[in-house]
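# An overview of the molecular structure
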Amino acid sequence: MTKSEGIAAIFDQYVMQTYSPTATLVSGKGCRVHNPERNVFMDFTAGLAVHNVGHCHPKVVEAIQKQVAALGHVSNLFYTPGQALLAQRLSRLSLGGKCFFCNSGAEANEAMIKLARAWGHEKGKYEIITMQNSFHGRTLATLTATGQSKIQKGFEPLPIGFAYAEFNNLESVAAAVGEQTVAVMLEAVQGEGGVLPATEEFVVGLRKLCDEKGLLLLFDEVQCGMGRTGKWFGWQHYPVKPDAFTLAKALADGIPMGALVATPELSAVFKPGMHASTFGGNPVVCAAAMAVIDVIEEEGLLNHAEHMGELLAEGLRMFIDKHDQILDIRGKGLMVGMVVEGSAKEIVDVCREMGLLCCTAGEHVVRFLPPLNVKEPDIEEALEMVGDAIAEIYGEDEGEDSEASLADESGGHDSLI
Ligand SMILES: *Cc1c(COP(=O)(O)O)cnc(C)c1O
(Lines give C-alpha, C1' and ligand atoms only; values in the text may rest on other atoms or scores of the structure.)
Protein backbone atom coordinates (compact mmCIF):
# COMPACT_ATOMS: atom_id res chain seq x y z
CA MET A 1 0.00 0.00 0.00
CA THR A 2 1.36 3.45 -0.84
CA LYS A 3 1.24 6.22 1.74
CA SER A 4 -1.55 7.84 -0.26
CA GLU A 5 -3.61 4.66 -0.15
CA GLY A 6 -3.00 4.27 3.58
CA ILE A 7 -4.26 7.79 4.27
CA ALA A 8 -7.26 7.28 1.98
CA ALA A 9 -8.20 4.07 3.79
CA ILE A 10 -8.28 5.75 7.23
CA PHE A 11 -10.03 8.79 5.77
CA ASP A 12 -12.76 6.72 4.16
CA GLN A 13 -13.28 4.76 7.37
CA TYR A 14 -13.61 7.77 9.67
CA VAL A 15 -14.63 10.81 7.61
CA MET A 16 -18.27 10.97 6.52
CA GLN A 17 -18.40 10.39 2.82
CA THR A 18 -19.99 13.59 1.58
CA TYR A 19 -17.20 13.85 -1.02
CA SER A 20 -15.31 11.37 -3.19
CA PRO A 21 -11.70 12.57 -2.86
CA THR A 22 -9.31 11.56 -5.62
CA ALA A 23 -5.69 12.33 -4.73
CA THR A 24 -3.92 12.70 -1.37
CA LEU A 25 -2.03 15.98 -1.02
CA VAL A 26 0.47 17.01 1.61
CA SER A 27 2.26 20.16 0.46
CA GLY A 28 2.09 22.93 -2.09
CA LYS A 29 3.81 26.01 -3.47
CA GLY A 30 2.35 28.50 -5.92
CA CYS A 31 0.25 26.61 -8.45
CA ARG A 32 1.73 23.19 -7.67
CA VAL A 33 0.85 20.61 -5.01
CA HIS A 34 2.43 17.31 -4.03
CA ASN A 35 1.27 13.93 -2.82
CA PRO A 36 3.08 11.81 -0.21
CA GLU A 37 4.91 9.95 -2.97
CA ARG A 38 6.35 13.33 -4.03
CA ASN A 39 4.50 13.47 -7.34
CA VAL A 40 3.76 16.99 -8.54
CA PHE A 41 0.37 18.17 -9.73
CA MET A 42 -0.40 21.44 -11.44
CA ASP A 43 -3.27 22.74 -9.35
CA PHE A 44 -5.92 24.46 -11.47
CA THR A 45 -8.50 24.07 -8.72
CA ALA A 46 -6.60 26.35 -6.31
CA GLY A 47 -8.44 24.76 -3.41
CA LEU A 48 -11.72 25.57 -5.20
CA ALA A 49 -11.06 29.23 -5.98
CA VAL A 50 -9.48 29.73 -2.56
CA HIS A 51 -5.76 30.12 -3.23
CA ASN A 52 -5.97 33.16 -5.48
CA VAL A 53 -2.42 34.11 -4.48
CA GLY A 54 -1.17 30.51 -4.77
CA HIS A 55 -0.35 27.87 -2.19
CA CYS A 56 1.73 29.04 0.77
CA HIS A 57 2.41 32.56 -0.44
CA PRO A 58 5.27 33.74 1.82
CA LYS A 59 3.55 37.05 2.69
CA VAL A 60 0.35 35.31 3.75
CA VAL A 61 2.23 32.61 5.67
CA GLU A 62 4.23 35.26 7.50
CA ALA A 63 1.15 37.34 8.34
CA ILE A 64 -0.64 34.30 9.79
CA GLN A 65 2.39 33.14 11.78
CA LYS A 66 2.99 36.59 13.26
CA GLN A 67 -0.62 37.13 14.25
CA VAL A 68 -1.21 33.69 15.72
CA ALA A 69 1.85 34.20 17.92
CA ALA A 70 0.59 37.62 19.10
CA LEU A 71 -3.16 37.14 19.62
CA GLY A 72 -5.15 34.35 18.01
CA HIS A 73 -8.72 34.90 19.12
CA VAL A 74 -10.70 37.00 21.59
CA SER A 75 -14.30 36.89 20.18
CA ASN A 76 -16.37 39.84 19.08
CA LEU A 77 -16.95 41.00 22.63
CA PHE A 78 -13.79 43.03 22.00
CA TYR A 79 -12.39 45.42 19.40
CA THR A 80 -9.47 44.10 17.38
CA PRO A 81 -7.41 46.27 15.03
CA GLY A 82 -7.19 43.73 12.20
CA GLN A 83 -10.97 43.44 11.80
CA ALA A 84 -11.37 47.22 11.82
CA LEU A 85 -8.74 47.72 9.13
CA LEU A 86 -9.96 44.85 6.95
CA ALA A 87 -13.55 46.12 7.04
CA GLN A 88 -12.31 49.59 6.12
CA ARG A 89 -10.36 48.14 3.22
CA LEU A 90 -13.23 46.05 1.83
CA SER A 91 -15.60 48.98 2.23
CA ARG A 92 -13.27 51.32 0.34
CA LEU A 93 -12.88 48.76 -2.45
CA SER A 94 -16.66 48.42 -2.87
CA LEU A 95 -19.79 50.01 -1.42
CA GLY A 96 -18.51 52.44 1.22
CA GLY A 97 -20.61 50.77 3.91
CA LYS A 98 -19.90 48.15 6.55
CA CYS A 99 -18.93 44.47 6.81
CA PHE A 100 -19.94 41.49 8.91
CA PHE A 101 -17.43 38.65 9.21
CA CYS A 102 -18.15 34.94 9.52
CA ASN A 103 -16.49 31.66 8.54
CA SER A 104 -17.74 30.36 5.19
CA GLY A 105 -19.65 31.17 2.04
CA ALA A 106 -22.87 29.58 3.20
CA GLU A 107 -22.69 31.51 6.43
CA ALA A 108 -22.04 34.78 4.62
CA ASN A 109 -25.10 34.14 2.45
CA GLU A 110 -27.17 33.30 5.53
CA ALA A 111 -26.12 36.66 6.95
CA MET A 112 -27.12 38.39 3.70
CA ILE A 113 -30.50 36.60 3.67
CA LYS A 114 -31.10 37.62 7.28
CA LEU A 115 -30.10 41.22 6.54
CA ALA A 116 -32.54 41.35 3.59
CA ARG A 117 -35.34 39.87 5.70
CA ALA A 118 -34.64 42.31 8.55
CA TRP A 119 -34.73 45.19 6.03
CA GLY A 120 -38.08 44.06 4.63
CA HIS A 121 -39.61 42.91 7.89
CA GLU A 122 -41.80 45.91 8.69
CA LYS A 123 -43.32 45.84 5.23
CA GLY A 124 -43.95 42.09 5.43
CA LYS A 125 -41.43 41.38 2.67
CA TYR A 126 -39.20 38.35 3.00
CA GLU A 127 -39.00 36.38 -0.24
CA ILE A 128 -35.74 36.27 -2.19
CA ILE A 129 -35.66 35.49 -5.88
CA THR A 130 -32.65 33.36 -6.82
CA MET A 131 -31.56 31.84 -10.12
CA GLN A 132 -31.90 28.37 -11.53
CA ASN A 133 -28.52 26.59 -11.50
CA SER A 134 -27.19 28.96 -8.88
CA PHE A 135 -25.14 27.79 -5.92
CA HIS A 136 -25.31 29.52 -2.55
CA GLY A 137 -24.27 26.88 0.00
CA ARG A 138 -25.37 23.82 1.96
CA THR A 139 -27.09 25.15 5.07
CA LEU A 140 -30.88 24.81 5.00
CA ALA A 141 -31.54 28.40 3.93
CA THR A 142 -28.71 28.52 1.39
CA LEU A 143 -29.47 25.14 -0.16
CA THR A 144 -33.01 26.42 -0.57
CA ALA A 145 -31.65 29.58 -2.17
CA THR A 146 -29.62 27.31 -4.46
CA GLY A 147 -31.70 26.78 -7.60
CA GLN A 148 -30.78 23.12 -8.11
CA SER A 149 -33.15 20.36 -7.01
CA LYS A 150 -30.32 17.81 -6.72
CA ILE A 151 -28.86 19.85 -3.83
CA GLN A 152 -32.25 20.11 -2.08
CA LYS A 153 -33.49 16.57 -2.54
CA GLY A 154 -33.88 14.56 0.64
CA PHE A 155 -33.75 17.55 2.99
CA GLU A 156 -37.37 18.64 2.75
CA PRO A 157 -39.27 20.36 4.21
CA LEU A 158 -37.29 23.36 2.96
CA PRO A 159 -37.56 26.78 4.61
CA ILE A 160 -40.04 29.09 2.87
CA GLY A 161 -39.13 32.46 1.41
CA PHE A 162 -37.41 31.66 -1.87
CA ALA A 163 -38.59 31.87 -5.48
CA TYR A 164 -36.66 30.94 -8.60
CA ALA A 165 -36.11 32.58 -11.96
CA GLU A 166 -34.08 31.84 -15.05
CA PHE A 167 -30.53 33.24 -15.11
CA ASN A 168 -29.96 35.86 -17.84
CA ASN A 169 -33.72 36.14 -18.40
CA LEU A 170 -35.02 39.44 -17.07
CA GLU A 171 -38.68 38.69 -17.83
CA SER A 172 -38.45 35.51 -15.79
CA VAL A 173 -37.24 37.51 -12.77
CA ALA A 174 -39.86 40.22 -13.30
CA ALA A 175 -42.57 37.54 -13.43
CA ALA A 176 -41.39 36.07 -10.11
CA VAL A 177 -41.70 39.39 -8.21
CA GLY A 178 -44.62 39.39 -5.80
CA GLU A 179 -45.99 41.39 -2.84
CA GLN A 180 -43.67 39.55 -0.49
CA THR A 181 -40.48 39.85 -2.59
CA VAL A 182 -37.63 41.57 -0.78
CA ALA A 183 -34.55 40.92 -2.93
CA VAL A 184 -32.97 39.36 -6.00
CA MET A 185 -29.79 37.36 -5.42
CA LEU A 186 -27.34 36.06 -8.00
CA GLU A 187 -23.74 35.22 -8.87
CA ALA A 188 -22.05 37.52 -11.40
CA VAL A 189 -20.55 34.34 -12.86
CA GLN A 190 -22.39 31.17 -11.88
CA GLY A 191 -19.68 28.85 -10.57
CA GLU A 192 -20.94 25.40 -9.59
CA GLY A 193 -23.81 25.88 -12.05
CA GLY A 194 -21.45 25.79 -15.04
CA VAL A 195 -19.11 28.84 -15.18
CA LEU A 196 -21.73 31.03 -16.80
CA PRO A 197 -21.37 34.83 -16.69
CA ALA A 198 -24.39 37.09 -16.31
CA THR A 199 -24.99 39.27 -19.36
CA GLU A 200 -24.69 43.03 -19.00
CA GLU A 201 -28.26 43.43 -20.22
CA PHE A 202 -29.48 41.13 -17.46
CA VAL A 203 -27.58 42.79 -14.62
CA VAL A 204 -28.45 46.33 -15.73
CA GLY A 205 -32.08 45.25 -16.14
CA LEU A 206 -32.08 43.69 -12.66
CA ARG A 207 -30.78 46.87 -11.05
CA LYS A 208 -33.53 48.86 -12.77
CA LEU A 209 -36.19 46.31 -11.81
CA CYS A 210 -35.02 46.30 -8.18
CA ASP A 211 -35.06 50.12 -8.06
CA GLU A 212 -38.56 50.27 -9.53
CA LYS A 213 -40.01 47.62 -7.24
CA GLY A 214 -38.11 48.60 -4.09
CA LEU A 215 -36.06 45.40 -3.92
CA LEU A 216 -32.49 44.75 -2.85
CA LEU A 217 -29.98 43.52 -5.41
CA LEU A 218 -27.63 40.99 -3.77
CA PHE A 219 -24.54 39.36 -5.26
CA ASP A 220 -22.98 36.12 -4.08
CA GLU A 221 -19.29 36.77 -4.78
CA VAL A 222 -18.08 33.76 -2.81
CA GLN A 223 -16.47 32.15 -5.88
CA CYS A 224 -16.09 34.99 -8.39
CA GLY A 225 -14.90 37.64 -5.91
CA MET A 226 -11.40 38.60 -4.72
CA GLY A 227 -9.90 39.11 -8.18
CA ARG A 228 -10.91 35.78 -9.68
CA THR A 229 -12.53 37.40 -12.73
CA GLY A 230 -9.90 40.14 -13.17
CA LYS A 231 -11.73 42.68 -11.00
CA TRP A 232 -12.00 42.71 -7.21
CA PHE A 233 -15.62 41.66 -7.42
CA GLY A 234 -17.57 40.12 -10.28
CA TRP A 235 -20.30 42.78 -10.13
CA GLN A 236 -17.68 45.40 -11.02
CA HIS A 237 -17.80 44.14 -14.62
CA TYR A 238 -21.23 45.74 -14.87
CA PRO A 239 -22.24 49.40 -14.60
CA VAL A 240 -24.26 48.80 -11.40
CA LYS A 241 -23.77 48.61 -7.66
CA PRO A 242 -25.47 45.99 -5.51
CA ASP A 243 -26.99 46.72 -2.11
CA ALA A 244 -24.91 43.96 -0.57
CA PHE A 245 -22.62 41.11 -1.55
CA THR A 246 -20.85 38.19 0.08
CA LEU A 247 -17.27 36.90 0.01
CA ALA A 248 -15.58 33.77 1.33
CA LYS A 249 -13.41 31.27 -0.58
CA ALA A 250 -10.36 33.38 -1.55
CA LEU A 251 -10.83 36.08 1.08
CA ALA A 252 -8.31 34.71 3.60
CA ASP A 253 -6.43 32.28 1.34
CA GLY A 254 -7.63 29.07 2.97
CA ILE A 255 -8.10 30.26 6.52
CA PRO A 256 -11.88 29.88 6.77
CA MET A 257 -13.54 33.28 6.43
CA GLY A 258 -16.72 34.74 5.03
CA ALA A 259 -17.88 38.34 4.79
CA LEU A 260 -21.08 40.23 4.12
CA VAL A 261 -20.45 43.69 2.68
CA ALA A 262 -23.33 46.19 2.39
CA THR A 263 -24.10 49.80 1.55
CA PRO A 264 -24.14 52.29 4.46
CA GLU A 265 -27.97 52.34 4.56
CA LEU A 266 -28.40 48.58 4.51
CA SER A 267 -25.54 48.02 6.98
CA ALA A 268 -27.44 50.10 9.52
CA VAL A 269 -30.26 47.53 9.66
CA PHE A 270 -28.25 45.11 11.81
CA LYS A 271 -28.33 46.20 15.45
CA PRO A 272 -26.48 44.60 18.39
CA GLY A 273 -27.81 41.11 19.07
CA MET A 274 -29.37 40.53 15.65
CA HIS A 275 -26.57 38.42 14.22
CA ALA A 276 -23.32 36.96 15.53
CA SER A 277 -20.38 34.64 15.04
CA THR A 278 -17.92 33.42 17.67
CA PHE A 279 -14.97 33.03 15.32
CA GLY A 280 -15.99 35.63 12.73
CA GLY A 281 -13.25 38.09 11.82
CA ASN A 282 -10.78 36.90 14.42
CA PRO A 283 -7.27 38.39 14.37
CA VAL A 284 -5.68 35.49 12.46
CA VAL A 285 -8.17 35.36 9.58
CA CYS A 286 -8.15 39.13 9.28
CA ALA A 287 -4.34 39.16 9.11
CA ALA A 288 -4.51 36.54 6.35
CA ALA A 289 -7.13 38.52 4.41
CA MET A 290 -5.14 41.77 4.70
CA ALA A 291 -2.08 39.95 3.34
CA VAL A 292 -4.15 38.55 0.45
CA ILE A 293 -5.36 42.04 -0.51
CA ASP A 294 -1.79 43.39 -0.22
CA VAL A 295 -0.44 40.66 -2.49
CA ILE A 296 -3.18 41.13 -5.10
CA GLU A 297 -2.41 44.87 -5.17
CA GLU A 298 1.39 44.66 -5.00
CA GLU A 299 1.66 41.94 -7.64
CA GLY A 300 -0.91 43.54 -9.96
CA LEU A 301 -2.93 40.33 -9.97
CA LEU A 302 -6.20 41.81 -11.26
CA ASN A 303 -4.71 42.71 -14.64
CA HIS A 304 -2.58 39.59 -14.61
CA ALA A 305 -5.63 37.38 -14.00
CA GLU A 306 -7.44 39.00 -16.90
CA HIS A 307 -4.44 38.47 -19.18
CA MET A 308 -3.78 34.87 -18.07
CA GLY A 309 -7.49 34.13 -18.36
CA GLU A 310 -7.41 35.25 -21.98
CA LEU A 311 -4.42 33.00 -22.68
CA LEU A 312 -6.07 30.02 -21.03
CA ALA A 313 -9.39 30.56 -22.81
CA GLU A 314 -7.64 31.11 -26.13
CA GLY A 315 -5.64 27.92 -25.71
CA LEU A 316 -8.72 25.92 -24.78
CA ARG A 317 -10.65 27.40 -27.69
CA MET A 318 -8.15 25.71 -30.06
CA PHE A 319 -9.58 22.38 -28.93
CA ILE A 320 -13.04 23.36 -30.19
CA ASP A 321 -11.74 23.36 -33.74
CA LYS A 322 -10.08 19.99 -33.29
CA HIS A 323 -12.81 18.08 -31.49
CA ASP A 324 -16.55 18.25 -32.13
CA GLN A 325 -17.17 17.07 -28.57
CA ILE A 326 -15.86 20.37 -27.18
CA LEU A 327 -18.65 22.86 -27.48
CA ASP A 328 -17.74 26.13 -25.81
CA ILE A 329 -15.20 27.97 -23.67
CA ARG A 330 -16.71 30.53 -21.32
CA GLY A 331 -16.14 32.44 -18.10
CA LYS A 332 -14.41 35.60 -16.95
CA GLY A 333 -10.77 36.15 -16.03
CA LEU A 334 -9.35 33.03 -14.42
CA MET A 335 -12.73 31.40 -13.93
CA VAL A 336 -12.83 29.37 -17.10
CA GLY A 337 -15.23 26.62 -18.16
CA MET A 338 -14.88 24.16 -21.02
CA VAL A 339 -18.29 22.87 -22.09
CA VAL A 340 -18.18 19.32 -23.43
CA GLU A 341 -20.76 17.04 -24.96
CA GLY A 342 -19.85 14.03 -22.83
CA SER A 343 -18.73 13.62 -19.24
CA ALA A 344 -16.71 16.47 -17.74
CA LYS A 345 -15.66 14.16 -14.91
CA GLU A 346 -13.97 11.81 -17.36
CA ILE A 347 -11.77 14.67 -18.59
CA VAL A 348 -11.01 15.77 -15.03
CA ASP A 349 -9.97 12.20 -14.14
CA VAL A 350 -7.66 11.81 -17.13
CA CYS A 351 -6.18 15.31 -16.58
CA ARG A 352 -5.32 14.24 -13.03
CA GLU A 353 -3.52 11.18 -14.37
CA MET A 354 -1.56 13.53 -16.62
CA GLY A 355 -0.68 15.68 -13.57
CA LEU A 356 -3.26 18.48 -13.85
CA LEU A 357 -5.90 19.08 -11.21
CA CYS A 358 -9.11 20.71 -12.42
CA CYS A 359 -12.73 20.18 -11.44
CA THR A 360 -16.22 19.91 -12.86
CA ALA A 361 -19.07 22.42 -12.74
CA GLY A 362 -22.09 20.28 -13.42
CA GLU A 363 -22.06 17.25 -15.69
CA HIS A 364 -20.75 18.87 -18.86
CA VAL A 365 -18.39 21.65 -17.81
CA VAL A 366 -14.71 21.27 -16.90
CA ARG A 367 -13.77 24.14 -14.62
CA PHE A 368 -10.30 25.71 -14.44
CA LEU A 369 -9.50 27.93 -11.44
CA PRO A 370 -5.72 28.45 -11.32
CA PRO A 371 -4.15 30.82 -8.78
CA LEU A 372 -4.23 34.39 -10.10
CA ASN A 373 -0.42 34.55 -10.11
CA VAL A 374 -0.14 31.57 -12.46
CA LYS A 375 2.58 32.17 -15.09
CA GLU A 376 2.37 31.83 -18.84
CA PRO A 377 4.52 28.65 -18.94
CA ASP A 378 2.21 27.08 -16.33
CA ILE A 379 -0.78 27.82 -18.55
CA GLU A 380 1.04 26.29 -21.51
CA GLU A 381 1.93 23.20 -19.51
CA ALA A 382 -1.67 22.82 -18.35
CA LEU A 383 -2.97 23.24 -21.90
CA GLU A 384 -0.67 20.45 -23.06
CA MET A 385 -2.05 18.15 -20.39
CA VAL A 386 -5.64 19.04 -21.28
CA GLY A 387 -4.79 18.39 -24.93
CA ASP A 388 -3.35 15.00 -24.03
CA ALA A 389 -6.38 14.13 -21.94
CA ILE A 390 -8.77 15.12 -24.71
CA ALA A 391 -6.76 13.16 -27.27
CA GLU A 392 -6.82 10.11 -25.00
CA ILE A 393 -10.59 10.30 -24.54
CA TYR A 394 -11.80 11.52 -27.93
CA GLY A 395 -8.97 10.14 -30.03
CA GLU A 396 -6.27 11.93 -32.00
CA ASP A 397 -7.53 14.40 -34.51
CA GLU A 398 -6.13 14.69 -38.00
CA GLY A 399 -3.66 17.48 -38.43
CA GLU A 400 -2.29 16.98 -34.98
CA ASP A 401 1.05 15.32 -34.83
CA SER A 402 2.65 15.85 -31.50
CA GLU A 403 0.10 15.10 -28.80
CA ALA A 404 1.60 11.75 -27.89
CA SER A 405 5.12 13.05 -27.48
CA LEU A 406 3.92 15.95 -25.32
CA ALA A 407 2.68 13.42 -22.78
CA ASP A 408 6.26 12.47 -22.00
CA GLU A 409 7.37 16.04 -21.47
CA SER A 410 4.47 17.24 -19.40
CA GLY A 411 6.10 16.32 -16.10
CA GLY A 412 3.07 15.18 -14.22
CA HIS A 413 3.58 12.03 -12.26
CA ASP A 414 7.26 11.56 -12.82
CA SER A 415 8.60 14.85 -11.56
CA LEU A 416 10.04 14.91 -8.08
CA ILE A 417 9.90 17.89 -5.76
C1 LIG B 1 -18.61 27.71 -2.62
C2 LIG B 1 -19.75 28.62 -2.75
C3 LIG B 1 -20.62 28.86 -1.68
C4 LIG B 1 -20.53 28.11 -0.37
O5 LIG B 1 -19.36 28.40 0.31
P6 LIG B 1 -18.93 27.46 1.56
O7 LIG B 1 -17.74 28.17 2.12
O8 LIG B 1 -18.64 26.12 1.02
O9 LIG B 1 -20.08 27.45 2.49
C10 LIG B 1 -21.61 29.80 -1.84
N11 LIG B 1 -21.76 30.47 -3.00
C12 LIG B 1 -20.94 30.27 -4.05
C13 LIG B 1 -21.12 31.06 -5.29
C14 LIG B 1 -19.91 29.32 -3.96
O15 LIG B 1 -19.13 29.10 -5.01
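Our structure is the block above this text.
To start, this report covers the structure provided alongside it. Just so it is clear, the model here is predicted, and its values are computed rather than measured.

Below, the discussion takes up the pattern of salt bridges. Taken as a whole and judged by the stated rule, the model has 12 salt bridges. Here aspartate 349 and lysine 345 are joined by a salt bridge, their closest N and O atoms 2.8 Å apart. Taken as a pair, aspartate 349 and lysine 345 lie in helix H13 (residues 344–354) at a separation of four residues, close to a single helical turn. For aspartate 349, a relative accessible area of 19% gives the class buried.

Turning our eyes to something else, we now look at helix H5 (residues 105–120). The end-to-end C-alpha separation of H5 is 23 Å, in line with the 22 Å expected for 16 residues at 1.5 Å each. Among the residues of H5, those classed as buried are Gly105, Ala106, Ala108, Asn109, Ala111, Met112, Ile113, Leu115, Ala116 and Gly120. Between the side-chain oxygen at the start of H5 and the backbone nitrogen of glutamate 107 there is a gap of 3.2 Å, and the oxygen is on serine 104.

Right, let's get into a nonpolar patch on the surface. Nonpolar side chains collect at one region of the surface, where Ile10, Phe11, Tyr14 and Val15 lie side by side and expose about 430 Å² of accessible area between them. Relative to the elements of secondary structure, phenylalanine 11 occurs in helix H1 (residues 3–14). Overall, the relative accessible area of 40% leaves phenylalanine 11 in the partly exposed class.

One open sheet holds the four strands; their spatial order is E1-E2-E3-E15, and the pairing between them is mixed. This sheet does not close on itself; its edge strands, each paired only once, are strand E1 (27–29) and strand E15 (356–357). With two bridges joining them, strand E3 (residues 40–43) and E15 adopt parallel strand pairing. Among the inter-strand pairings, methionine 42 is bridged to a residue of E15, identified as leucine 356.

On to the layout of surface pockets, then. A volume near 950 Å³ is recorded for the second largest pocket. The wall of the second largest pocket is formed by 31 residues, among which Asn76, Gln83, Cys99, Phe100 and Phe101 lie closest to the centre. Secondary-structure elements contributing two or more residues to the lining of the second largest pocket are helix H4 (81–93), strand E4 (98–102) and strand E12 (258–262). Broken down by element, the lining of the second largest pocket gets its largest block of residues, five residues, from H4. In the lining of the second largest pocket, the residues fall into 16 nonpolar, 13 polar and two charged.

We now examine the sheet that holds strand E13 (residues 326–332). With antiparallel pairing, four strands are arranged side by side in an open sheet as E13-E14-E17-E16. Edge positions in the sheet fall to E13 and strand E16 (359–360), since each has one partner strand and no second. Sheet topology places strand E14 (residues 335–340) next to strand E17 (residues 365–368); four bridges connect them, and they run antiparallel. Opposite methionine 338, over in E17, you have valine 366 as the bridge partner. Sheet strands in contact with helix H12 (residues 301–322) are E13, E14 and E17, and its direction is about 170° off that of E13.

A word on the site of the ligand. Surveying the vicinity of the ligand reveals the residues Ser104, Gly105, Ala106, Asn109, Phe135, His136, Gly137, Glu187, Asp220, Val222, Gln223 and Lys249. One of the side-chain nitrogen or oxygen atoms of aspartate 220 is found 2.7 Å away from a nitrogen atom of the ligand. Interatomic distance of 2.8 Å between a side-chain N/O atom of glutamine 223 and an oxygen atom of the ligand. Taking 380 Å² as the accessible area of the ligand by itself, protein coverage stands at 82%. Residue contributions to the shell around the ligand peak at three residues, all from H5. Of the residues contributing to the shell around the ligand, the split by class is three nonpolar, six polar and three charged.

Procedures and definitions
Residues numbered from 1 in each chain as written. Predicted model: local features only at pLDDT ≥ 70, side-chain atom pairs only at ≥ 80, totals over all residues. Heavy atoms only, no water. Salt bridge = Lys/Arg side-chain N within 4 Å of Asp/Glu carboxyl O. Helix = DSSP H or I, 4+ residues; strand = E, 2+ residues; numbered from the N terminus. Buried < 20%, exposed > 50% of the residue type's maximum accessible area, 1.4 Å probe, protein only. Expected span 1.5 Å × (residues − 1). Polar contact = N/O pair within 3.5 Å; in protein donor to acceptor, adjacent residues only side chain to side chain. Patch = residues over 30% accessible without salt bridge, like charges linked within 9 Å, V, L, I, M, F, W, Y side chains within 5 Å. Areas by Shrake-Rupley, 256 points an atom, 1.4 Å probe, with all protein chains shown as cover. Pairing = 2+ DSSP bridges. 1 Å grid on protein atoms, 1.4 Å probe; cavity = no way out; pocket = protein on both sides within 12 Å on 5 of 7 lines; lining within 4 Å. Points joined across faces, edges and corners; volume = space filled by probe spheres on them. Nonpolar A, V, L, I, M, F, W, Y, C, P; charged D, E, K, R; others polar. Contact = heavy atoms within 4.5 Å. Axes fitted to C-alpha atoms, helices over the stretch in contact; angles between N-to-C directions. Near = heavy atom within 4 Å.

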